[in-house]
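# Observations on chain architecture
Spelled out from the first residue to the last, the chains are:
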Amino acid sequence: MASEEILVFTTIGDRDMAEEQISEMLEQGIIVSGTIFPEVELVYLWEGKITVDTENKILLKAKADKYDAIEAYIMKHHPYIAPEIIRMDVSFGSPAYKAFVADKIKKNS
């Protein structure tokens, strides 16, 4: 059975934009909450050279049936051509926390 709750990871270079996008998704009711991990380092190869950049890692908590709306929102508003969007079904965690998230989802639906 698929989980009713999901986590969605993305990244945004600008902190203010991250807060603005999380706020808009909350107002639209497509997420329960968003967490910003500020100034994480991204290490990658670009044109044959190791490159280090900073960006903000974003963790969104939501009901699984909102995923399509979250992905559409990110694709429409994100400054990157191909933003990172990673979905994880939440089938793990303490019973108390899962109950808390389920209650938040119920109240926001």
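Okay, so let's go over this structure. (Residues numbered from 1 in each chain as written. Predicted model: local features only at pLDDT ≥ 70, side-chain atom pairs only at ≥ 80, totals over all residues. Heavy atoms only, no water.)

## A short note on the environment of D53
Relative to the helices and strands, D53 resides in strand β3 (residues 49-63). Looking at D53, the relative accessible area reads 34%, which means it is partly exposed. Sequence-wise, D53 and E41 are twelve residues apart; in three dimensions their C-alpha atoms are separated by 5.7 Å. (Helix = DSSP H or I, 4+ residues; strand = E, 2+ residues; numbered from the N terminus. Buried < 20%, exposed > 50% of the residue type's maximum accessible area, 1.4 Å probe, protein only.)

## Considerations on the nonpolar core
Nonpolar side chains tend to gather and get buried jointly when the protein is soluble and globular. Counting 17 residues, the largest nonpolar core has I6, V8, M25, I31, I58, L60 and I70 as its most contacted members. Secondary structure elements with two or more residues in this core: β1 (5-12), α1 (15-28), β3 and α2 (67-77). If one sorts the elements of this core by residue count, α2 sits on top with four residues. Look past the residues within four positions of I70 in its chain and what remains in contact with it is I6, V8, M25, I30, I31, L60 and A62. (Core = buried A, V, L, I, M, F, W, Y, C linked by side-chain atoms within 4.5 Å. Contact = heavy atoms within 4.5 Å.)

## Regarding the pairing of strand β2 (residues 33-46)
Bridge count between β2 and β3: twelve bridges; the pairing is antiparallel. Directly across from T35, in β3, lies its bridge partner L59. The turn linking β2 back onto β3 is made up of two residues, and E47 within it adopts a positive phi angle of 50 degrees. (Pairing = 2+ DSSP bridges.)

## A few points about the pairing of β3
As defined by bridge partners, β1 adjoins β3 across eight bridges and the pair is classed as antiparallel. By the bridge assignment for β3, L7 is matched with K61.

## Side note on the pattern of salt bridges
The tally for this structure, following the rule as stated, stands at three salt bridges. The closest approach of N and O atoms between R15 and E19, which form a salt bridge, is 2.9 Å. Here E19 and R15 lie together in helix α1, a separation of four residues that amounts to about one turn. Residue E19 is classed as partly exposed on the basis of its relative accessible area, which comes to 37%. The shortest N-O distance in the salt bridge between K57 and E84 comes to 2.9 Å. (Salt bridge = Lys/Arg side-chain N within 4 Å of Asp/Glu carboxyl O.)

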